[in-house]
Amino acid sequence: MGVELSDGELYRKHADDLTRFATGLVGPADAADVVSEAVLGWLASPRWALVRDKRAYLYRAVYYEATSFHRTSNRRRSREERTASRDRVDVPDVRPEVLAAVSRLSVQQRAVIVLTYWDDLDPPAIAALLGISDGAVRRHLARARSRLKEILDADT
Amino acid sequence: MPTPDVLDTRIRSLVAELIESAPQAPVLPELDWTDTEHLPAVTRSPRPRRRARFVVAGFAGAVAAVLLVVGLIPVVAQTQHHQAAPTAPALADGQWLYSEQQASLNIQVDSVGNTPTPAAQALVQATIKTWASPFNQVCVSITARPATFASATNRNAWHTLRLFTTPSPNPWTACVSSGGGPTAPPEELLMNASRMPTERSALAQVLSKGTTGIPVLDAPNSELTGYERASLLLIGPTIGNRPAFFAALSHALPLIPGVRALGRMTSHTGTSGIGFATNSPLGRSILIVNPKTGTLLEAQNLYPAFILDLNDGLADQYIPETIAAKGDGTRITVQWIDPLGSPTIVGSHALPGDLTIPPVVTYSASIVALVKPTVTGNQVPDLKLSNASCRGREYSASARSQDQGQATPITTYNGTLANFPATLTYYCHGSPAHAAVLAKALKATGLFSSVVVTYANIPPTTSP
């Protein structure tokens, strides 16, 4: 039986992975905000203490946070205010066409693409991590590949 | 058209480029605290910096302000030797809350008379001891070390002005009795946190809005920010604080507008804690708190507002009377201040024998007189601000001049009041009848749009 990590230790253990995952979902500029919101918000949930697979729970938190990230203008305004008040963070350059290609995918499709092509997870593992069905993962993956194929074809 | 393998390769490359642009993971110091089960999401927004100033009229007020501010420096809390959150219960008669701090301060004598002397700067280290009674009697002892200088220019300028390098008197001591109760001046040094909320969102709100229930923190004219209120509570002296309060206070800090969490930081003594910062005219003010207990480990770069009236205390040790008589523009800023040990409760016998402890003051009433907009500054000085029973203070409005020192008293204006609405506030002790007589006299001047008298145990009455 392993030693249970504190919340801070658990977060630090997965922080980089979560931030990379969030970058795939919302881009580098908003990734840190999404991770912050997700982790702090979801750890406030009474369910947190009952969670067994905390890594998966954190991934889902980031996933759902990213899903709702663009939904309300209030959220956006709040985010911009926080960004304005924060120390400037230098974000590495990423080609606009990359961001443009990803922006044409849904958040669900981005999540599946990132976990497939970056983390090398197969559909069952992705399904377990995100808490969705295996079939849903395969559908998102197929649609994402099809969409990206169109985009990449258009570029060439 | 890409084949499936080629497509996978290109998608992999695209995803890799995107993921490799990931920023550094955010630091979330909140997670290092012990009770994260009910943390609400962090929200904060930028807020313009305001300045805290106290305008004090009269010698008694000035002395009180000196001690108020000295009292802001001296503190409570704990060092690396104390891991448990200090709990300071309410004090009983005959008990004093004793706390001790070490501080590094910068003294800058900007001018002497009308002559600018910007190079006259010195660094001093001081040990500050504070004793506070439950009746708001507070005594302070400051033991300072010889001044040191960042440059030869600073040293030469200091010596040219014949400022002291070795502090005198040393220690500098003073006591004040500021009274208490609903009609006392909002200058109690001893803050009672027993009724403060311990839910961090609620606590952040009362700190931000100035509705803490602690008069010195809520005084409308002080213009303290939420960060500054939190700083003062951390610094103390604070009674009625429970471990849950300190934990909540440090949790509330990142929810206060303009405050940001800095993650793990180390104090100058090497103690590790969680840092919080806000912008100030000094650059950045920082609080480092113990992540386990929420108590203060170190405060850095306190804005001069915290220490404005230290000029009358600590600086006296370095500025001879001949210079002070010419008028010196002295600013003292705190580079860092560390609590030494936890505050302890001691008996009266533990106070140094050379301290003259003032009697307890009981205020019976306060009077707030709102100056009419047509009144000029020249008319106001004609009013005697203080008498045997009532101590007067001038307050100008919040949109006061943005100088570095105290807010400009309305009595210095020669034309229409620049900071209207201005108020005169009197704090009266002794018989309530004295307050009634003064209120009547104020009303008779015709200078005020309202005169409100509040008696200690009687609902306020207003005379139009």
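Attention in this report is confined to the structure presented alongside it.

What counts and how
- Residues numbered from 1 in each chain as written.
- Chains lettered and ligands numbered in written order.
- Predicted model: local features only at pLDDT ≥ 70, side-chain atom pairs only at ≥ 80, totals over all residues.
- Heavy atoms only, no water.
- Helix = DSSP H or I, 4+ residues; strand = E, 2+ residues; numbered from the N terminus.
- Buried < 20%, exposed > 50% of the residue type's maximum accessible area, 1.4 Å probe, protein only.
- Contact = heavy atoms within 4.5 Å.
- Areas by Shrake-Rupley, 256 points an atom, 1.4 Å probe, with all protein chains shown as cover.
- Pairing = 2+ DSSP bridges.
- Salt bridge = Lys/Arg side-chain N within 4 Å of Asp/Glu carboxyl O.
- Phe/Tyr/Trp six-rings, centres within 6.5 Å; stacked < 30°, edge-to-face > 60°.
- Expected span 1.5 Å × (residues − 1).
- Arc of directions from axis to C-beta.
- Core = buried A, V, L, I, M, F, W, Y, C linked by side-chain atoms within 4.5 Å.
- Polar contact = N/O pair within 3.5 Å; in protein donor to acceptor, adjacent residues only side chain to side chain.
- Lys, Arg positive; Asp, Glu negative; His and termini not counted.
- Bend = angle between axes of the 7 residues up to and from the residue.
- Axes fitted to C-alpha atoms, helices over the stretch in contact; angles between N-to-C directions.
- Parallel < 35°, antiparallel > 145°, perpendicular 65-115°, else oblique.

## Brief notes about the overall build of chain B
Piece 1. Counting secondary structure elements, chain B contains nine helices and 18 strands.
Piece 2. Counting over 464 residues, chain B shows a buried share of 57%.
Piece 3. Nonlocal contacts in chain B, meaning residues at least 24 apart in sequence, comprise 73% of its contacts between residues at least 6 apart.
Piece 4. Roughly 18,200 Å² of accessible area belongs to chain B as shown, and the carbon and sulfur atoms make up 55% of that amount.

## Some words on the pairing of strand β10 (residues 283–289) of chain B
The side chains of a regular strand alternate between the sheet's two faces.
Piece 1. The element β10(B) is extensively covered by neighbouring structure, given that five of its seven residues are classed as buried.
Piece 2. Linking β10(B) back to strand β11 (residues 296–302) of chain B in an antiparallel pair, the connection comprises six residues, with B:Gly294 at a positive phi of about 80°.

## Quick look at the pattern of salt bridges
Piece 1. Taken as a whole and assessed by the stated rule, the structure comprises six salt bridges over all chains.
Piece 2. Put simply, B:Arg12 and A:Asp120 hold a salt bridge, and the shortest N to O gap is 2.9 Å. Here B:Arg12 is found in helix α1 (residues 4–19), whereas its partner A:Asp120 is found in the loop between α6 (107–117) and α7 (123–130) on a different chain.
Piece 3. A salt bridge links A:Arg147 to A:Glu150; the nearest nitrogen and oxygen atoms lie 2.8 Å apart. Note that A:Arg147 and A:Glu150 are positioned in helix α8 (residues 134–155) at a spacing of three residues, about one turn of the helix.

## Some words on the packing of aromatic side chains
Residue and element names in this part refer to chain B.
Piece 1. Counted according to the given criterion, the structure contains five aromatic pairs over all chains.
Piece 2. For the ring pair Tyr98 and Trp131, a centre distance of 5.3 Å and an interplane angle of 35° mean the geometry is tilted. Linking Tyr98 in strand β1 (residues 95–112) with Trp131 in strand β3 (residues 121–132), this pair joins segments that are 33 residues apart in sequence. With respect to class, Tyr98 is no different from Trp131; both count as buried.

## Comments concerning unusual backbone geometry
Piece 1. B:Ser168 connects to B:Pro169 through a cis peptide bond whose omega is 0°.
Piece 2. Tracing the backbone shows B:Pro169 in the loop between α3 (152–160) and β5 (172–177).
Piece 3. The omega angle of the peptide bond from B:Asn170 to B:Pro171 is 5°, so this bond is cis rather than trans.
Piece 4. Position of B:Pro171 relative to the elements: it lies in the loop between α3 and β5.
Piece 5. Even without glycine at this site, A:Asp120 takes up a positive phi of about 55°.
Piece 6. At B:Arg162, a position not held by glycine, the phi torsion is positive, near 60°.
Piece 7. Residue position: B:Arg162 is located in the loop between α3 and β5.
Piece 8. Residue class for B:Arg162 comes out exposed when judged on its relative accessible area of 68%.

## Quick notes on helix α9 (residues 432–445) of chain B
Residues and elements named next belong to chain B.
Piece 1. Between the first and last C-alpha of α9 there are 21 Å, a value that for 14 residues agrees with the 20 Å anticipated at 1.5 Å per step.
Piece 2. Taken together, the buried positions of α9 are occupied by Ala435, Leu438, Ala439 and Leu442. Projected down its long axis, α9 shows its buried positions confined to an angular sector of 105°, all on one face. For α9, exposure combined with an orientation more than 90 degrees from the buried face picks out Val437, Lys440 and Ala444.
Piece 3. Gly446, located one to two residues past α9, shows a positive phi value of around 75°.

## Re the nonpolar core
Piece 1. Ranked by size, the top nonpolar core spans 68 residues in total, and within it B:Trp158, B:Met196, B:Leu203, B:Leu233, B:Leu249 and B:Leu253 carry the most contacts.
Piece 2. Dropping the residues within four chain positions of it, B:Trp158 is found in contact with B:Ile107, B:Val109, B:Ala120, B:Gln121, B:Ala122, B:Phe149, B:Leu163, B:Phe164, B:Thr165 and B:Tyr318.
Piece 3. If you look at the next biggest cluster of nonpolar residues, it comprises 55 residues, including A:Ala15, A:Leu25, A:Val35 and A:Trp48.

## Overview of the environment of B:Val112
All names here are of chain B.
Piece 1. The topology assignment puts Val112 in strand β1.
Piece 2. Residue class for Val112 comes out buried when judged on its relative accessible area of 10%.
Piece 3. Between the C-alpha atom of Val112 and that of Gly329, which follows or precedes it by 217 residues, the distance is 6.6 Å.

## Section: the side chain of B:Gln300
Piece 1. As for its position among the elements, B:Gln300 is in strand β11.
Piece 2. Side-chain polar atoms of B:Gln300 contact the side chain of B:Glu298, separated by 2.7 Å.

## Let's talk about the side chain of B:Glu298
Piece 1. Structurally, B:Glu298 can be placed in strand β11.
Piece 2. For the buried B:Glu298, which has no salt bridge, the nearest side chain bearing the opposite charge is B:Arg284, at an N-O separation of 11 Å.

## Quick word on the pairing of β3(B)
Residues and elements named next belong to chain B.
Piece 1. In this structure, β1 lies alongside β3, joined through 12 bridges in antiparallel fashion. The residue of β3 that forms the bridge with Gln108 is Gln121.
Piece 2. Once β3 ends, the chain turns through four residues before running back antiparallel as strand β4 (residues 137–144), passing Asn136 with a positive phi of about 60°.

## Some remarks on helix α1 (residues 7–26) of chain A
Residue and element names in this part refer to chain A.
Piece 1. With 20 residues, α1 should reach 28 Å at 1.5 Å per residue; the first-to-last C-alpha distance of 24 Å falls well below that figure.
Piece 2. At Ala15, α1 shows its strongest bend, of approximately 55°.
Piece 3. With 14 of 20 residues buried, α1 lies mostly within the body of the structure.

## Structural notes on the packing of helix α3 (residues 54–67) of chain A against α7(A)
Residue and element names in this part refer to chain A.
Piece 1. Interhelical geometry of α3 versus α7 gives an angle of 80° and a closest axis separation of 7 Å. The angle between α3 and α7 places the two elements in the roughly perpendicular class. Only Ala128, Leu129 and Leu130 of α7 make contact with α3, whose side of the interface consists of Arg55, Ala56, Tyr59, Arg60, Tyr63 and Tyr64.

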